[in-house]
Amino acid sequence: MSKGKYGIHGGQYTPETLMNAIIEVEKAYEHYKNDLAFQAELTELLNEYAGRPSRLYYAKKMTADLGGAKIYLKREDLNHTGSHKINNVLGQALLAKKMGKTRLIAETGAGQHGVATATAAALMGFECEIFMGKEDTDRQALNVFRMRLLGATVHVVTSGTMTLKDAVNETFREWTTRVDDTHYVLGSVMGPHPFPEMVRDFQSVISKEARAQILEKEGRLPNAVIACVGGGSNAIGAFYNFIPDADVRLIGCEAAGRGVDTEEHAATIARGSLGIFHGMKSYFCQDEYGQIAPVYSISAGLDYPGIGPEHAHLHDTKRAEYVPITDDEAVAAFEYLSRTEGIIPAIESAHAIAYAMVLAPTMGKDEIIIVNVSGRGDKDVAAIARYKGENIYE
Amino acid sequence: MSNIIEATKIKANKISEIFSNQKAFIAFLTAGDPSLDKTEEFILAMDAAGADLIEIGIPFSDPIAEGPVIEAANERALRVGTTTDAIFDMVARVRTQTAIPLVFLTYMNPVFVYGVERFFAACQKNGINGIIIPDLPFEEKGEILSVAKAHEVDVITLIAPTSQDRIQMLAKEATGFIYLVSSLGVTGVRSEIKTDLAAIVSDIRAVTQTPVAVGFGIATPEQATQIAKLADGVIVGSAIVRLIAAHGSAATPILTDYVREMKAALV
């Protein structure tokens with residue numbers, strides 16, 4: 001029986017070697033998600049260690065400048081390690097501890113998930129190995145050193161396109177080699193069941209807080225929630241508790257790279273088609289023979305040819321909308337938020353800011369947008385400088 | 001043209017026949033490495049040298065169950081433009097020349113995106129006996145099983161050292177042969193196989209008569225002799241692909257010698 005379905009999407013398309021490991025994670029998660037002591041321990045970690053709840057900040061200058069809807073920023077960039085990734089990692093690391101695992105492995109694109117995993121490993125005493133594409137170790141050199149500083153071993157992946165998808169391949173391969181003592185901390189709402197569900201649950205703290213915060217500040221729900229989407233973990237976290245609120249528009253921003261009409265993008269919903277890859281049925285950028293396409297984005301964290309199965313389902317049912325944002329638009333938004341609000345967002349999050357800049361002026365002053373600032377942009381400063389033609393080296 | 005092929009097509013032998021009264025030698029290669037013409041030549045040469053079944057890899061951009069040797073072969077094959085359609089044409093040509101059972105090895109996405117019905121209809125038309133899909137576990141077999149059966153293609157069951165309590169569930173429904181994965185990890189040559197294969201084989205035999213072939217990590221005649229003592233067949237992939245990588249278009253006589261030596265080790 002196929003498990004973990006979201007409409008036609010999801011499932012458990014995993015090699016037999018890993019099936020028992022995945023079933024073990026599934027059983028452990030089923031048990032601990034309803035365990036009050038586990039939940040209390042996780043909340044303690046999220047609050048005392050990661051610095052939750054994160055702020056819902058009213059971006060007054062941006063609102064006034066754009067002249068439309070009131071803009072609130074959900075400040076996941078203020079979490080310990082600088083992004084939303086820590087929410088999921090603390091959950092999975094705690095679960096791995098309960099399961100008696102002693103070693104964590106993970107893929108990373110931009111390095112945010114790798115840093116978060118290395119951090120949790122240091123905190124809880126796990127051995128830690130991170131897999132990262134060579135293209136990404138080059139453009140995110142700072143995060144590579146950060147992971148090493150935290151005691152993790154970083155493996156540079158040189159197969160395939162040398163980006164996030166290849167890092168995922170390599171981490172799956174590593175897991176098949178050593179299953180007994182190892183937990184694979186998947187970083188997004190993708191892969192085989194139970195990962196899309198478990199990661200979503202751990203990330204849904206974002207919308208749980210944001211919903212309560214906006215009700216407290218404004219006495220009403222927002223008109224729209226905007227988040228960037230690669231695999232889709234920060235977006236699903238920002239959307240999840242608003243899904244039953246039918247009047248709240250949910251908008252995911254995909255990486256359009258140099259444009260959806262070029263070959264160089266990672267816009268899965270705009271340009272992808274149905275497939276089965278990385279453990280799940282969902283939409284993927286691929287050719288007519290099912291070969292996964294090389295994708296491109298200035299943002300290493302969005303540079304992924306697929307999207308989580310729950311997003312694919314939210315797209316099918318039209319509950320959420322997905323829009324492509326180009327490199328140029330994202331870089332402009334990166335600079336805009338830095339200058340306007342004094343907040344340097346991750347280049348991933350800048351994709352969401354970019355769409356807020358398009359949408360807000362079309363909306364009334366009595367309307368509200370929440371933008372999820374999934375991470376901070378320190379890691380991107382050198383790459384953005386290079387994009388602008390300045391040769392800065394870290 | 002297709003009518004001529006149709007007219008001269010040889011009926012494929014059944015998979016089960018290769019295990020009767022002998023230990024089977026199963027050879028794997030990646031289609032299109034270095035070219036489909038060469039793949040056709042290599043298949044026929046290995047058949048003539050004593051291989052009992054050929055596994056033909058349909059290259060995939062992201063072969064997550066493969067080690068570096070076969071992964072590189074996938075990349076080479078795709079780089080020269082190998083497509084699923086061209087592979088079916090190559091299989092059709094092979095089927096005019098031999099009755100040896102042919103089994104595809106590929107990943108779920110190339111099959112799904114080609115169209116499950118269209119894919120298995122083409123398998124039947126061109127004489128493919130079975131298929132191995134590493135990322136299609138028991139729980140997801142429903143994706144293809146009834147269509148594959150309708151087109152008389154066996155969906156080969158994989159059993160791993162980590163299958164444990166799943167072994168009997170998996171083995172009960174197995175047809176064609178069972179692919180027993182010798183070791184944890186991905187495909188590739190290993191100096192030593194540490195799994196207690198005898199125990200797994202005995203668990204399998206408790207529930208099914210379907211033959212068991214062991215793969216992953218087998219390269220030498222000594223290893224083949226050892227494995228043949230406890231299983232019905234031996235599968236060799238990376239060692240063959242490595243010879244093709246090293247000798248390219250000139251690999252034919254080297255493959256012939258290698259297969260002959262391996263087959264002899266099974267007697």
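Above this text you will find the structure in question.
Nothing here was measured: the structure is a model prediction, and the numbers come from that model.

When you go through chain A residue by residue, the secondary structure sums to 16 helices and 14 strands. Here chain A has a C-alpha radius of gyration of 19 Å; the compact-globule value for 394 residues is 21 Å, and the two agree. C-alpha atoms of chain A, sized along the principal axes, occupy 55 × 45 × 40 Å. Considering chain A as a whole, with its 394 residues, one finds that 65% of them fall into the buried category. Long-range contacts, defined here as pairs at least 24 residues apart, represent 73% of the contacts in chain A between residues at least 6 apart. Carbon and sulfur atoms make up 51% of the accessible area of chain A, which totals about 13,500 Å². Across chain A, the centroid of the 40 positively charged side chains sits 3 Å from that of the 51 negatively charged ones.

This paragraph deals with the environment of Ala206(B). Looking at the secondary structure, you find Ala206(B) in the loop between helix H9 (197–205) and strand S8 (212–215). In sequence terms Ala206(B) and Lys172(B) are 34 residues apart; their C-alpha atoms lie 9.4 Å from each other.

Residue and element names in this part refer to chain A. Along the chain, Asn-223 falls in the loop between helix H10 (205–218) and strand S9 (224–229). Judged by relative accessible area, Asn-223 falls into the buried class, the value being 18%. Engagement of the side chain of Asn-223 in a polar contact is seen with the side chain of Arg-220, the distance being 2.7 Å. Within polar-contact distance, the side chain of Asn-223 engages the backbone nitrogen of Ile-368 at 2.7 Å. Once residues within four sequence positions are removed from consideration, Asn-223 is found in contact with Asp-247, Val-248, Arg-249, Met-363, Glu-367 and Ile-368.

This part is about the packing of helix H2 (residues 36–49) of chain A against helix H4 (residues 85–98) of chain A. All names here are of chain A. Interhelical geometry of H2 versus H4 gives an angle of 140° and a closest axis separation of 10 Å. It follows that H2 is oblique to H4 by the angle criterion. Helix-helix and strand crossings are classified by hand; for H2 and H4 the assignment is right-handed. Between H2 and H4, the contacting residues are Phe-38, Glu-41, Leu-42, Leu-45, Leu-46 and Tyr-49 on the first element and Asn-87, Leu-90, Gly-91, Leu-94, Leu-95 and Lys-98 on the second. A breakdown of the residues in the contact of H2 with H4 according to their chemical character gives eight nonpolar, two polar and two charged.

Another aspect to go through is the interface of chain A and chain B. Every contact between the two is made by 34 residues of chain A and, on the other side, 38 residues of chain B. Roughly 3,100 Å² is buried in total at the junction of chain A and chain B, and carbon and sulfur atoms are behind 51% of that figure. Contact with chain B buries surface across chain A, with Glu16(A), Arg173(A) and Tyr289(A) losing the most and accounting together for 25% of the total. In this assembly, chain A and chain B are joined by four salt bridges. Residue Arg166(B) pairs with Glu16(A) through a salt bridge whose shortest N-O separation is 2.9 Å. In this structure, the connection of chain A to chain B is made through 24 residue pairs in polar contact (both at pLDDT 80 or more). Listed by contribution, the elements that provide at least two residues to the side of chain A that touches chain B are strand S2 (9–13), helix H1 (16–32), helix H8 (164–177) and strand S11 (273–277) of chain A.

Here we take up the pairing of strand S9 (residues 233–236) of chain B. All names here are of chain B. The side-chain alternation of S9 yields two buried faces, one formed by Gly-233 and Ile-235 and the other by Val-234 and Val-236. Two elements, strand S1 (residues 24–30) and S9, share four bridges in a ladder whose sense is parallel. Residue pairing across strands places Ala-24 opposite Gly-233, the latter belonging to S9. Of the pairings in the sheet, the one linking S8 to S9 comprises two bridges and is parallel in character. Residue pairing for S9: Ala-213 is matched across the bridge by Gly-233.

What follows is about the sheet that holds strand S1 (residues 5–6) of chain A. All names here are of chain A. Spatial strand order, S1-S2-S12-S11: four strands in an open sheet with antiparallel pairing. Two strands lie at the open edges of the sheet, namely S1 and S11, each paired on one side alone. By the bridge criterion, two bridges tie S1 to S2 in an arrangement that is antiparallel. Bridging from a neighbouring strand, Tyr-6 pairs with His-9 of S2. Docked against the sheet, helix H13 (residues 309–316) engages S1, S2 and strand S12 (279–284), running at close to 45° with respect to S12.

Taken together, the buried positions of helix H11 (residues 238–247) of chain B are Ser238(B), Ala239(B), Ile240(B), Val241(B) and Ile244(B). Two residues or fewer after H11(B) comes Gly248(B), characterised by a positive phi angle close to 55°.

Conventions we followed
Residues numbered from 1 in each chain as written. Chains lettered and ligands numbered in written order. Predicted model: local features only at pLDDT ≥ 70, side-chain atom pairs only at ≥ 80, totals over all residues. Heavy atoms only, no water. Helix = DSSP H or I, 4+ residues; strand = E, 2+ residues; numbered from the N terminus. Rg over C-alpha atoms; globule rule 2.2 N^0.38 Å. Buried < 20%, exposed > 50% of the residue type's maximum accessible area, 1.4 Å probe, protein only. Contact = heavy atoms within 4.5 Å. Areas by Shrake-Rupley, 256 points an atom, 1.4 Å probe, with all protein chains shown as cover. Lys, Arg positive; Asp, Glu negative; His and termini not counted. Charge placed at Lys NZ, Arg CZ, Asp CG, Glu CD. Polar contact = N/O pair within 3.5 Å; in protein donor to acceptor, adjacent residues only side chain to side chain. Axes fitted to C-alpha atoms, helices over the stretch in contact; angles between N-to-C directions. Parallel < 35°, antiparallel > 145°, perpendicular 65-115°, else oblique. Left-handed = near helix turned anticlockwise from the far one by under 90°. Nonpolar A, V, L, I, M, F, W, Y, C, P; charged D, E, K, R; others polar. Buried area = accessible area lost by both parts, 1.4 Å probe. Salt bridge = Lys/Arg side-chain N within 4 Å of Asp/Glu carboxyl O. Pairing = 2+ DSSP bridges.

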